[in-house]
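Architecture at a glance
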Amino acid sequence: MSQNESWMQRDLAVLWHPCTQMKDHEQLPLIPIRRGEGVWLEDFDGKRYIDAVSSWWVNVFGHSNPRINQRIKNQLDQLEHVMLAGFSHQPVVELSERLVALTPPGLERVFYTDNGSTGIEVALKMSFHYWRNSGQPAKQRFVTLTNSYHGETVAAMSVGDVALFTDTYKPLLLDTFKVPTPDCYLRPEGMSWEEHSRNMFAHMERTLAEHHREIAAVIVEPLIQGAGGMRMYHPVYLKLLREACDRHDVHLIHDEIAVGFGRTGTMFACEQAGITPDFLCLSKALTGGYLPMAAVLTTDKLYQAFYDDYSTLRAFLHSHTYTGNPLACAAALATLDIFEQDNVIEANKALAARMATATAHLADHPHVAEVRQTGMALAIEMVADKARKTPYPWQERRGLKVYQHALQRGALLRPLGSVVYFLPPYTITEEQIDLLAQIATEGIDIATQASVSVALAPGAPADFRDPG
């Protein structure tokens with residue numbers, strides 16, 4: 001028995017993995033990872049894999065980055081954790097100062113949580129609670145875009161719209177307004193991204209005009225709807241949304257958990273619209289992919305609505321045990337140092353251009369409807385019928401065939417249904433990008449040429465997709 005097989009058997013005897021039908025592993029071997037270095041992951045049998053999806057979109061400067069490693073090691077010798085209620089510490093103060101300085105003007109207060117989903121919960125609760133403290137308790141509903149994803153805790157699911165994640169739990173969810181997405185994959189032929197995004201804003205404007213008295217906030221994934229299939233739209237939508245939220249006295253929440261820290265080509269996606277949201281939710285790449293932590297930045301105006309004598313019960317009494325953990329803060333500070341010292345955003349322009357040229361040929365593939373890109377995120381949409389953009393039935397799991405082929409060729413490409421995407425660490429080389437493009441092309445050829453016969457489950461939505 002190989003070391004991989006041994007660890008796999010021990011794992012399957014005790015673990016329940018996320019986003020997984022565990023029965024799949026009767027045929028699909030688990031891959032136990034022994035170590036990581038740079039863009040590479042290495043299993044116990046010595047095989048290496050390029051981490052093309054940044055281990056679920058978190059890793060920006062490679063695995064076992066020596067600069068982040070050292071900062072965490074230094075912090076470990078000083079303080080591993082202290083509660084943040086009534087206490088503080090140097091790394092959390094320094095990180096908060098740097099985030100306030102780095103993010104768009106007007107975001108002056110930072111609240112920490114343990115992960116992205118709980119960060120979304122904080123923003124939703126803060127918005128709801130702000131209106132209550134401000135004498136407008138009727139403003140308690142939220143607006144979200146169709147095809148959106150904001151996490152898997154209950155309130156975060158409520159403002160999501162990916163059926164695979166939400167349908168089972170509908171009885172638990174909040175009642176929200178869902179507005180049609182500006183997703184530019186759906187634009188009419190010949191129409192620009194900007195024109196389509198402008199046109200789609202009419203739906204949002206109408207909802208806000210009709211219901212603003214009961215709406216607390218609008219929440220969006222700016223520019224890229226990640227778990228919804230890496231669908232993308234133009235920054236003009238965000239500019240129009242900021243203006244409308246101001247007119248109708250509604251908060252704007254930007255979920256930049258997946259797209260922050262350079263993924264869209266700027267440090268934060270909201271910069272491309274020249275706006276400041278009322279809440280900016282950050283996580284994933286915040287710590288370089290090392291440790292779980294999220295930050296919710298908001299304005300002093302919102303902060304002041306909670307600032308009062310204890311007896312008024314206006315305080316935001318929300319907490320997580322590991323809020324502002326010093327080790328996570330140290331990782332985040334090291335990550336921000338690398339962004340600053342290595343001029344990363346500028347350097348990424350060459351990598352993004354190479355991703356575009358390396359995959360450009362796929363636009364002519366008979367079963368690729370679109371190759372789309374925003375910054376360091378690139379997606380390739382496989383379809384059954386290119387002319388009509390007819391999707392493959394989700395039950396055929398075409399993306400799984402790409403995933404399996406990529407593993408054989410030494411790459412971690414975990415598609416979202418029939419969408420193959422690259423979201424690599426920024427330490428990737430142009431040669432490694434070329435290799436990924438070659439592997440993806442081979443996998444797409446295999447997946448789209450195969451004849452697949454499956455039973456279609458009655459009543460399942462056509463837009464179900466495998467989680468990425």
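Residues numbered from 1 in each chain as written. Predicted model: local features only at pLDDT ≥ 70, side-chain atom pairs only at ≥ 80, totals over all residues. Heavy atoms only, no water.

Considering the overall build of the protein
The helix and strand tally for the protein stands at 14 helices and 16 strands. In terms of principal-axis extent, the alpha carbons of the protein reach across some 65 × 55 × 45 Å. Classification of the 468 residues of the protein by burial places 54% in the buried group. Here the protein contributes 41 positively and 54 negatively charged side chains, and the mean placements of these two sets differ by 2 Å. (Helix = DSSP H or I, 4+ residues; strand = E, 2+ residues; numbered from the N terminus. Buried < 20%, exposed > 50% of the residue type's maximum accessible area, 1.4 Å probe, protein only. Lys, Arg positive; Asp, Glu negative; His and termini not counted. Charge placed at Lys NZ, Arg CZ, Asp CG, Glu CD.)

Notes on the nonpolar core
Counting 105 residues, the largest nonpolar core has Leu95, Leu99, Met204, Val218, Leu241 and Phe261 as its most contacted members. Element by element, the count of residues in this core is highest for helix 11 (residues 326–341), at 10 residues. Apart from the residues within four sequence positions on either side, Leu241 is in contact with Phe201, Met204, Leu208, Val218, Val220 and Leu252. Core analysis: the next-biggest nonpolar cluster, separate from the first, contains 24 residues, Tyr130, Ala156, Phe306 and Phe316 among them. (Core = buried A, V, L, I, M, F, W, Y, C linked by side-chain atoms within 4.5 Å. Contact = heavy atoms within 4.5 Å.)

Focus on unusual backbone geometry
Notably, Cys19 is not glycine yet its phi reads approximately 50 degrees, a positive angle. Note that Cys19 resides in the loop between helix 1 (3–14) and strand 1 (33–37). Cys19 sits in the partly exposed class, given a relative accessible area of 30%. Positive phi, normally seen in glycine, also occurs at Lys284, with a value near 45 degrees. If you trace the backbone, Lys284 turns up in the loop between strand 11 (279–282) and strand 12 (294–298). Assessed through its relative accessible area of 25%, Lys284 is described here as partly exposed.

Notes on helix 14 (residues 430–449)
In this model helix 14 runs 29 Å from its N-terminal to its C-terminal C-alpha over 20 residues, within 8% of the 28 Å that 1.5 Å per residue would give. For helix 14, the set of buried residues is Gln432, Ile433, Leu436, Ala437, Ile439, Ala440, Thr441, Gly443, Ile444, Ala447 and Thr448. (Expected span 1.5 Å × (residues − 1).)

Considerations on the packing of aromatic side chains
Across all of its chains, the model carries 14 aromatic pairs by this definition. Taking 5.0 Å as the distance between ring centres and 80 degrees as the angle between the ring planes, the aromatic pair formed by Tyr130 and Trp131 counts as edge-to-face. The buried category is assigned to Trp131, whose relative accessible area is 3%. Aromatic pair Tyr233 and Tyr237: ring centres 5.6 Å apart, planes at 75 degrees, arrangement edge-to-face. In this pair, the class of Tyr233 matches that of Tyr237, namely buried. Three or more aromatic residues link up through ring pairs in this structure, and these residues are Phe61, Phe261, Phe268, Phe339 and Tyr426. Sitting above the plane of the Phe177 ring, Arg141 keeps its charged end 3.8 Å from the centroid. (Phe/Tyr/Trp six-rings, centres within 6.5 Å; stacked < 30°, edge-to-face > 60°. Lys NZ or Arg CZ within 6 Å of the ring centre and 35° of its normal.)

Description of the pairing of strand 12
Counted residue by residue, strand 12 has 5 buried out of 5 residues, so it is predominantly covered. The side-chain alternation of strand 12 yields two buried faces, one formed by Ala294, Val296 and Thr298 and the other by Ala295 and Leu297. Judged from the 5 bridges that link them, strand 4 (residues 109–113) and strand 12 form a sheet pairing that is antiparallel. Opposite Phe111, over in strand 12, you have Val296 as the bridge partner. (Pairing = 2+ DSSP bridges.)

A short note on the sheet that holds strand 12
Strands belonging to one sheet form pairs held by backbone hydrogen bonds; the direction of such a pair is parallel or antiparallel. Within the open sheet, the 7 strands sit side by side as 4-12-11-10-7-5-6. Their pairing is mixed. At either margin of the open sheet sits one strand with a lone partner, and together these are strand 4 and strand 6 (177–179). Between one strand axis and the next, the sheet turns through 20 degrees on average, direction left out of account. Where strand 7 (residues 215–220) lies against strand 10 (residues 251–255), 4 bridges are found, and the strand directions are parallel. Note that in strand 10 the partner of Val218 across the bridge is Leu252. (Axes fitted to C-alpha atoms, helices over the stretch in contact; angles between N-to-C directions.)

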